[in-house]
Amino acid sequence: MQEITKTQKAINYWLAGEKLKAFAIFKTFKLGLTKDEKRTLEIAHEMLLGRKSFYKQLGLDTQIILVQANSIVRDYIDTYGKD
């Protein structure tokens, strides 16, 4: 039996609509993401954990961050595939 990779697990969560779990994995990737992209995914993950007001207080546009995070994941999946 073939073991599922971390990438495939993250993609499966994403495709199942479980963004919190997907962001939790994607934000840990060392390859294929820039430092800024990883930070965007970290913030998106934290916002989904209920810390959105914290980032609003810092002056960040939380809607834009979520849009950017979604785009980063879609681009990652397009680049690295679904196995």
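Computed from a predicted structure; not experimentally measured.

Criteria and thresholds
Residue numbering note: each chain is counted from 1, following its sequence as written. Local features in this predicted model are restricted to residues of pLDDT 70 or higher, and side-chain atom pairs are both shown and tallied only at a pLDDT of 80 or more, whereas totals for entire chains, interfaces and linings draw on every residue. The side-chain figures draw on all heavy atoms in the structure; neither hydrogens nor water molecules are used. In this analysis, axes come from line fits to C-alpha atoms, helices being fitted only over the stretch in contact, and the angle between any two N-to-C directions falls in the range 0 to 180 degrees. Here a strand is any run of E in DSSP of at least two residues, a helix any run of H or I of at least four, and the numbering for each starts at the N terminus. The sense of a crossing depends on the near helix, which, turned anticlockwise from the far helix by less than a right angle, makes the crossing left-handed and, turned clockwise, makes it right-handed. A contact between two residues is defined here by any heavy atoms of the two lying within 4.5 Å. Residues are grouped as follows: nonpolar covers Ala, Val, Leu, Ile, Met, Phe, Trp, Tyr, Cys and Pro; charged covers Asp, Glu, Lys and Arg; every other residue, Gly included, is treated as polar. A 1.4 Å probe rolled over the protein chains alone gives each residue an accessible area, and that area as a share of the maximum for its type sets the label: buried under 20%, exposed over 50%, partly exposed in between. When we speak of the arc, we mean the arc of directions from the helix axis to the C-beta atoms. To estimate the expected span of a helix, subtract one from its residue number and multiply by 1.5 Å. Axes are fitted to the seven residues ending at a residue and to the seven starting at it; the angle between these axes is taken as the bend at that residue. Put simply, two rings from Phe, Tyr or Trp (the six-membered ring, in Trp's case) pair if the centres are within 6.5 Å, and we call them stacked under 30 degrees between planes, edge-to-face over 60, tilted for the rest.

Draft legend 1. Structural context of the packing of helix 2 (residues 19–26) against helix 3 (residues 35–57). Packing of helix 2 against helix 3 leaves a shortest axis separation of 9 Å and a crossing angle of 145 degrees. The element helix 2 and its partner helix 3 pack so that their crossing is left-handed. Where helix 2 abuts helix 3, its residues Lys19, Leu20, Phe23, Ala24 and Phe26 lie against Leu41, Ala44, His45, Leu48 and Leu49. Of the residues belonging to the contact of helix 2 with helix 3, the class tally is 8 nonpolar, 1 polar and 1 charged.

Draft legend 2. A look at helix 1 (residues 6–15). Three or more residues of helix 1 are buried, namely Gln8, Ala10, Ile11 and Trp14. Seen end-on, helix 1 carries its buried residues on one side only, within an arc spanning 160 degrees. Looking at the packing, one finds that the buried side of helix 1 touches helix 2 and helix 4 (62–80). Remark: glycine 17 follows helix 1 within two positions and exhibits a positive phi of approximately 85 degrees.

Draft legend 3. Structural detail: helix 3. The end-to-end C-alpha separation of helix 3 is 23 Å, well short of the 33 Å expected for 23 residues at 1.5 Å each. Of all the bends in helix 3, the largest measures some 120 degrees and sits at glycine 50. Within helix 3 the residues assigned to the buried category are Thr40, Leu41, Ile43, Ala44, His45, Met47 and Tyr55. In this structure, the buried side of helix 3 is in contact with helix 2 and helix 4. Of the residues flanking the end of helix 3, it is glycine 59, one or two places downstream, whose phi is positive at about 90 degrees.

Draft legend 4. Here's a closer look at the side chain of histidine 45. Mapped onto the fold, histidine 45 is located in helix 3. On the basis of relative accessible area, histidine 45 is assigned to the buried category, the value being 11%. Contact partners of histidine 45, with chain neighbours within four places excluded, come to Leu20, Phe23, Ala24 and Lys27.

Draft legend 5. Inspection of the packing of aromatic side chains at higher detail. Counted by the stated rule, this structure contains 6 aromatic pairs. Seen in terms of ring centroids, tryptophan 14 and phenylalanine 23 are 5.7 Å apart; in terms of plane orientation they differ by 50 degrees. Their pairing is tilted. Each member of the pair tryptophan 14 and phenylalanine 23 is classed as buried. Note on phenylalanine 26 and tyrosine 76: the rings are 5.5 Å apart at their centroids and 70 degrees apart in plane angle, and the pair reads as edge-to-face. One end of the pair, phenylalanine 26, is in helix 2; the other, tyrosine 76, is in helix 4, with 50 residues separating them in the sequence. For tyrosine 76, a relative accessible area of 8% translates into the label buried. In textbook terms, an aromatic cluster arises when at least three aromatic residues are bridged by ring pairs, as seen for Phe26, Phe29, Tyr76 and Tyr80.

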